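Chain by chain, the residues:
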Amino acid sequence: MNEINSNETRDIILDVAEKLIYKSGIAATGMDLLVKTAGVSRKSIYRYFANKDDLIVAALQRRDERWMHWFSREVDKAPTPSARLLNLFTVLKDWFDSEGFRGCAFINTSGETGDPQNPVRQVAKLHKQKLLDYVTQLCTEQGVEHPDALARQLLILIDGAITVALVMGDHSAADQAQNILKSLLADTE
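Residues numbered from 1 in each chain as written. Predicted model: local features only at pLDDT ≥ 70, side-chain atom pairs only at ≥ 80, totals over all residues. Heavy atoms only, no water.

- If you look the chain up in an unreviewed UniProt entry, it shows as TetR/AcrR family transcriptional regulator from Pseudomonas hefeiensis.

Next comes the structure, spelled out in structure tokens:
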């Protein structure tokens, strides 16, 4: 029974940490705010996480797993390889239009850390690598001549569209990125 409650408490802490970090950033997410918002004691937080940095890393790792699962599941709903590639940007636009969209949590938190070896930056790097691997898989399924090269271009388009949508408030950035992809695909045929 305690193990179930223990896991529930840990999940609550992680959920709250992730939401606060995504909404306001690492610096604005202090331990007092975490304690108050999660409704748990500081001691409970430290039972699961040695410090705030460990909590942030765990919350971001969890977000990575959830976001990648959601994103690939939605993109994979398209029926053909080329439709899946184009669906990358349709899914992104739906995300941009969703309530609470605040850009990429991994780009945002990386911007708050100066050291490339910081664990937060390492989680962000791993997330982007997973995204690149997934996009490379889609390019390979499409049968393009240089799937790695196209995937790297698409990663730039994805992150660029996310950034433009957040900073400029221009959710059509996903449509524009999709149009660039159409041109890239036409050049590979």
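The discussion continues.
1. Quick word on the overall build of the chain
Okay, step 1: The helix and strand inventory of the chain stands at nine helices and zero strands.
Okay, step 2: Along the chain, helices and strands appear, N-terminal first, in the series α-α-α-α-α-α-α-α-α.
Okay, step 3: Judged by the C-alpha coordinates and their principal axes, the chain covers about 60 × 35 × 30 Å.
Okay, step 4: Residues counted as buried form 43% of the 189 residues belonging to the chain. (Helix = DSSP H or I, 4+ residues; strand = E, 2+ residues; numbered from the N terminus. Buried < 20%, exposed > 50% of the residue type's maximum accessible area, 1.4 Å probe, protein only.)

2. Notes on the pattern of salt bridges
Okay, step 1: One pass over the structure, following the stated rule, counts eleven salt bridges.
Okay, step 2: The partner of Lys130 in a salt bridge is Asp64, with the nearest N and O atoms 2.4 Å apart. With a gap of 66 residues between them, Lys130 in helix 7 (residues 119-142) and Asp64 in helix 4 (residues 52-75) connect regions that are remote in the sequence.
Okay, step 3: Looking at Asp64, the relative accessible area reads 4%, which means it is buried. (Salt bridge = Lys/Arg side-chain N within 4 Å of Asp/Glu carboxyl O.)

3. Quick word on the nonpolar core
Okay, step 1: Counting residues in each nonpolar core, the largest one holds 61 residues, and the members touching the most others are Ile45, Phe71, Leu88, Phe89, Leu92, Phe96 and Leu154.
Okay, step 2: Contributions of two or more residues to this core are made by helix 1 (2-24), helix 2 (31-38), helix 4, helix 5 (81-96), helix 6 (105-110), helix 7, helix 8 (147-168) and helix 9 (173-188).
Okay, step 3: Here the element with the most residues in this core is helix 4; it accounts for ten residues.
Okay, step 4: Contacts of Phe96, omitting those with residues within four sequence positions, involve Phe101, Ala161, Ile162, Ala165, His171 and Ala174. (Core = buried A, V, L, I, M, F, W, Y, C linked by side-chain atoms within 4.5 Å. Contact = heavy atoms within 4.5 Å.)

4. Concerning the environment of Asn51
Okay, step 1: One can find Asn51 in the loop between helix 3 (42-48) and helix 4.
Okay, step 2: Judged by relative accessible area, which is 32%, Asn51 ranks as partly exposed.
Okay, step 3: Taking the C-alpha atoms as reference points, Asn51 and Met31, 20 residues apart in sequence, are found 9.4 Å from one another.
Okay, step 4: Side-chain polar atoms of Asn51 contact the backbone nitrogen of Asp54, separated by 2.8 Å. (Polar contact = N/O pair within 3.5 Å; in protein donor to acceptor, adjacent residues only side chain to side chain.)

5. Topic: the packing of helix 4 against helix 5
Okay, step 1: Contact geometry of helix 4 with helix 5 gives a least axis separation of 8 Å together with a crossing angle of 125°. Between helix 4 and helix 5, the interaxial angle falls into the category oblique. Considering the relative orientation of helix 4 and helix 5, their crossing is right-handed. For the pair formed by helix 4 and helix 5, the contact residues are Trp67, Trp70, Phe71, Glu74 and Val75 on the first element and Arg84, Asn87, Leu88, Val91, Leu92 and Trp95 on the second.
Okay, step 2: Looking at the contact of helix 4 with helix 5 residue by residue, the class counts come to eight nonpolar, one polar and two charged. (Axes fitted to C-alpha atoms, helices over the stretch in contact; angles between N-to-C directions. Parallel < 35°, antiparallel > 145°, perpendicular 65-115°, else oblique. Left-handed = near helix turned anticlockwise from the far one by under 90°. Nonpolar A, V, L, I, M, F, W, Y, C, P; charged D, E, K, R; others polar.)

6. Side note on the UniProt feature "DNA-binding region" (unreviewed entry) in the chain
Okay, step 1: Under the local residue numbering, the UniProt record ascribes the feature "DNA-binding region" (unreviewed entry) to residues 30-49.
Okay, step 2: Segment residues 30-49 splits into 75% helix and 0% strand. End C-alpha atoms: 14 Å apart. (UniProt positions renumbered as here; feature names shortened; annotations may be inferred.)

7. Observations regarding helix 8
Okay, step 1: Taking 1.5 Å per residue as the helical rise, helix 8 with its 22 residues ought to reach 32 Å, and the 30 Å between its terminal C-alpha atoms agrees with that figure.
Okay, step 2: All buried positions along helix 8 are accounted for by Pro147, Leu150, Ala151, Leu154, Leu155, Leu157, Ile158, Asp159, Ala161, Ile162 and Ala165. (Expected span 1.5 Å × (residues − 1).)

8. Considering empty space enclosed by the protein
Okay, step 1: Across all of its chains, the model carries two cavities of 30 Å³ or more by this definition.
Okay, step 2: Of the pockets and cavities examined, the largest cavity occupies roughly 50 Å³.
Okay, step 3: Forming the boundary of the largest cavity are Arg63, Trp67, Trp95, Cys104, Ala105, Phe106, His127, Lys128, Leu131 and Ile162.
Okay, step 4: Of all the secondary-structure elements, those providing two or more residues to the lining of the largest cavity are helix 4, helix 6 and helix 7.
Okay, step 5: The leading source of residues in the lining of the largest cavity is helix 7, at three residues.
Okay, step 6: Residue composition of the lining of the largest cavity, by class: seven nonpolar, one polar and two charged. (1 Å grid on protein atoms, 1.4 Å probe; cavity = no way out; pocket = protein on both sides within 12 Å on 5 of 7 lines; lining within 4 Å. Points joined across faces, edges and corners; volume = space filled by probe spheres on them.)

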